[in-house]
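Chain by chain, the residues:
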Amino acid sequence: QVQLVESGGGLVQPGGPLRPPCAALGSTFSLYAMGWYRQAPGKQRELVAVITGGGTTNYADSVKGRFTISRDNAKNTVYLQMNSLKPEDTAVYYCKLTQPLPPLPPRDYWGQGTQVTVSS
């Protein structure tokens, strides 16, 4: 059973940085794609950034140039470096691990989420 634990959210002023980690317990972490998603009040959950087991990354247009996803396989942890934060980045941020199960469809695991609030 895979468990994901996010932390490091909080209140930050506009323009400030934040770097929440997501620790994966009980998995062969290095093999799996990891992603950060977010959900603002009244909105659907949306992709923020993903990183494959090989290190390939992809970002939502709204965060390109400001956010960086990275992983430390030795620590089973994925990070989201968020710079130049804007009030519209305010949301609950969720970590997701995708576990391939061929020939079955892949299985997704989600963390409990961490609140990020950007406000002065």
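Refer to the preceding data block for the structure.
Scoring rules and cut-offs
Residues numbered from 1 in each chain as written. Predicted model: local features only at pLDDT ≥ 70, side-chain atom pairs only at ≥ 80, totals over all residues. Heavy atoms only, no water. Helix = DSSP H or I, 4+ residues; strand = E, 2+ residues; numbered from the N terminus. Contact = heavy atoms within 4.5 Å. Pairing = 2+ DSSP bridges. Axes fitted to C-alpha atoms, helices over the stretch in contact; angles between N-to-C directions. Polar contact = N/O pair within 3.5 Å; in protein donor to acceptor, adjacent residues only side chain to side chain.

1. Let's talk about the environment of glutamine 44
Inspection of the secondary structure assignment puts glutamine 44 in the loop between strand 4 (33-39) and strand 5 (46-51). Those residues in contact with glutamine 44 that lie beyond four places of it in its chain are Arg38 and Gln39.

2. Considering the sheet that holds strand 8 (residues 77-82)
Strand order in the open sheet made by the 4 strands is 1-3-8-7, with antiparallel pairing throughout. Edge strands, defined here as strands with exactly one partner in the open sheet, are strand 1 (3-6) and strand 7 (67-72). In this sheet, adjacent strand axes meet at a mean angle of 15° when their direction is disregarded. In terms of strand pairing, strand 1 meets strand 3 (residues 21-25) through 4 bridges, oriented antiparallel.

3. Description of the side chain of arginine 66
Its location among the elements puts arginine 66 in the loop between strand 6 (57-59) and strand 7. In terms of polar contacts, arginine 66 uses its side chain to reach the backbone carbonyl oxygen of serine 84, at 3.0 Å. In this structure arginine 66 touches Gln81, Met82, Asn83, Ser84, Leu85, Lys86 and Asp89, once residues within four positions along its chain are discounted.

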